[in-house]
Amino acid sequence: MIALSWATETSQEEIINNGTFEDQYIKFSYPTSLVAVQYTFENYTIVDFFNSNDTSNFDNYVGNIRFSTSNLTNLKKVYTEGSLGEYNGYRTWEGTDANGPYIYILLSSADAPVKSLQMDFKSEYKQAYKEILSTLKIKKIPT
């Protein structure tokens, strides 16, 4: 598990189910069959997705999008697919494991710590993952 290392102030939860999400950092579309729960911190956002309005029941959890600061060396050990792109720009690790599809979008050229946008979904929600990824726009990288 990769820990968040940006501001850890208490967040305010906001539930959204209209099929679009936008804040100062990211913008994307998602299936209206999912419920998005936004947690806003001082300088980043986490969005969890559920297949029901009962977002307190973890059985309804299907995936999330989150900003993080990670050690690239650790990512290389876990995700052996490797990176695509150059060290001076965006790089990605993308694949599918036993749990489902995932992507790490690396947002800096440093190896440790490296800022990343991470997206992980359960296997049965690959279509939702693909829709979100195809519409995802990174508007601003958190500081």
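Before going into details, it helps to say that this report is about the structure given with it. Numbering of residues starts from 1 in every chain and runs along the sequence as written. Two thresholds apply to this predicted model, a pLDDT of at least 70 for residue-level local features and 80 or more for giving and counting side-chain atom pairs, whereas whole-chain, interface and lining totals are computed over all residues. Values reported for side chains reflect all heavy atoms of the structure, with hydrogen atoms and water molecules removed beforehand.

This next bit is on the overall build of the protein chain. Comment: elements are numbered from the N terminus, with helices defined as DSSP H or I runs of at least four residues and strands as E runs of at least two. A count of helices and strands for the protein chain gives 2 helices and 10 strands. In the protein chain, the succession of helices and strands from N to C terminus is β-β-β-β-β-β-α-β-β-β-α-β. In the protein chain, which comprises 143 residues, the proportion classed as buried is 44%. Here the analysis covers contacts within the protein chain between residues at least 6 apart in sequence; of these, 48% occur between residues at least 24 apart. Accessible areas in this description were obtained via Shrake-Rupley with a 1.4 Å probe; residue shielding takes into account the shown protein chains only. Per element, the accessible surface of the protein chain, about 7,600 Å² overall, is 48% carbon and sulfur. Only protein chains enter the accessibility calculation, which uses a 1.4 Å probe. A residue is then buried if its area is under 20% of the maximum for its type, exposed if over 50%, and partly exposed in between. The contact criterion used is simple: two residues touch if any of their non-hydrogen atoms lie within 4.5 Å.

Next up on the list: the pairing of strand 5 (residues 45–50). Summarising burial for strand 5: 6 of the 6 residues are buried, a large majority. Every second residue of strand 5 is oriented toward a common face, with Thr45, Val47 and Phe49 on one face and Ile46, Asp48 and Phe50 on the other, all of them buried. Note: two strands are recorded as paired if DSSP finds a minimum of 2 bridges between them. Bridging between strand 4 (residues 35–40) and strand 5 involves 6 bridges; their strand directions are antiparallel. Each residue of the ladder has a partner; that of Val35, found in strand 5, is Phe50.

What follows deals with the side chain of Gln118. Take Gln118: it is sitting in strand 9 (residues 114–121). Contacts described as polar in this section are N or O atom pairs within 3.5 Å, which, within protein, must combine one atom able to donate a hydrogen with one able to accept it, while residues neighboring in sequence count only if both atoms come from side chains. At 3.1 Å, the side chain of Gln118 and the side chain of Ser116 are in polar contact.

One speaks of a salt bridge when a side-chain nitrogen belonging to Lys or Arg is within 4 Å of a carboxyl oxygen belonging to Asp or Glu. As enumerated under the stated definition, the model contains 2 salt bridges in all. With a shortest N-O distance of 2.7 Å, Lys139 and Glu22 are connected by a salt bridge. You can see Lys139 sitting in the segment after strand 10 (137–138) and its partner Glu22 sitting in strand 2 (residues 20–22), a full 117 residues away along the chain. Relative accessible area serves as the criterion here: at 48%, Glu22 is assigned to the partly exposed category. Between Arg66 and Asp120 there is a salt bridge, with the nearest N and O atoms lying 3.0 Å from each other.

All right, on to the packing of aromatic side chains then. Whether two aromatic rings pair depends on their centres lying within 6.5 Å, for rings of Phe, Tyr and Trp, where Trp uses its six-membered ring; planes under 30 degrees apart make the pair stacked, over 60 edge-to-face, and the rest tilted. Scanning all chains against the criterion turns up 11 aromatic pairs. An aromatic cluster of at least three residues, connected via ring pairs, comprises Phe21, Phe28, Tyr30, Phe49, Phe121 and Tyr129.

So, about the nonpolar core. Within soluble globular proteins, side chains that are nonpolar generally end up buried alongside one another. We call a set of buried Ala, Val, Leu, Ile, Met, Phe, Trp, Tyr and Cys residues a nonpolar core when their side-chain atoms join them within 4.5 Å. Judged by nonpolar contacts, the single largest core of 27 residues is most densely connected at Ile26, Phe28, Tyr30, Phe49 and Phe121. For Phe28, the residues in contact, after removing those within four places along its chain, are Gly19, Thr20, Phe21, Val47, Phe49, Ile65, Ile132, Thr135 and Leu136. Trp93, Tyr102, Tyr104 and Leu106 belong to the second-largest nonpolar core, a separate cluster that totals 5 residues.

Think of a sheet as strands paired side by side through backbone hydrogen bonds, with each pair either parallel or antiparallel. The sheet built from 3 strands is open, its strands ordered 2-3-10 with antiparallel pairing. The open sheet has two free edges, formed respectively by strand 2 and strand 10, since each of these has just one partner strand. Where strand 2 meets strand 3 (residues 26–29), 3 bridges bridge the pair, whose relative direction is antiparallel. Bridge assignment links Glu22 to a residue of strand 3, and that residue is Lys27.

A few words now on the environment of Trp93. Within the fold, Trp93 resides in strand 7 (residues 91–97). By relative accessible area, Trp93 is classed as buried at 1%. Sequence separation between Trp93 and Tyr104 is 11 residues, and the spatial gap between their C-alpha atoms is 5.0 Å.

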